[in-house]
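A closer look at the structure
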Amino acid sequence: QVQLVESGGGSVQDGASLRLSCAASGLSFDFNYYGMGWFRQAPGKEREFVSGISYTGAHKTYYADSVKGRFTISRDNAKNTVYLQMNGLKPEDTAIYYCAADKTGWGFGSNFDSWGQGTQVTVSS
């Protein structure tokens, strides 16, 4: 089964940057063909989509309006890893960030079916 391990979270000040990583293993087929995504869940709130990236051939990326222009998703297929570069962090970005895999390859929507354990991001003002 797919295993996803996130890293890179931490506590930072308003305006700082962090880069989250998600390493995938136990894949059913080549990582190139998976869509990947990042979600987050703040205390007392539902989990929300942050960003997604399609399988390599489609070259599509997706962002929630709240992070557009500040966050960038990318993938390194040689390392089976997806990244989320987060710049201009705000206190409202505070949440647990989860990585997810989508076997259909789209990296968007409701097809994510494997999840990591999450990494905490805390942004203080």
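To keep things clear, this report deals only with the structure shown in the data block. (Residues numbered from 1 in each chain as written. Predicted model: local features only at pLDDT ≥ 70, side-chain atom pairs only at ≥ 80, totals over all residues. Heavy atoms only, no water.)

1. Side note on the sheet that holds strand 3 (residues 18-25)
Pairing in this open sheet of four strands is antiparallel, and the strands run 1-3-8-7 from one edge to the other. Only two strands of the sheet have a single partner each, and these edge strands are strand 1 (3-7) and strand 7 (71-76). On average, adjacent strands in this sheet sit at an angle of 15 degrees to one another, irrespective of strand direction. (Pairing = 2+ DSSP bridges. Helix = DSSP H or I, 4+ residues; strand = E, 2+ residues; numbered from the N terminus. Axes fitted to C-alpha atoms, helices over the stretch in contact; angles between N-to-C directions.)

2. Some details on the state of the cysteines
Taken as a whole and judged by the stated rule, the model has one disulfide. Sulfur-sulfur distance for the disulfide between Cys22 and Cys99 comes to 2.0 Å. Handedness of the Cys22-Cys99 disulfide follows from its S-S torsion of about -80 degrees: it is left-handed. Of this pair, Cys22 sits in strand 3 while Cys99 sits in strand 9 (residues 95-102); the two residues are 77 residues apart in sequence, bridging distant segments of the chain. When sorted by exposure, Cys22 lands in the same class as Cys99, which is buried. (Disulfide = S-S within 2.5 Å. Buried < 20%, exposed > 50% of the residue type's maximum accessible area, 1.4 Å probe, protein only.)

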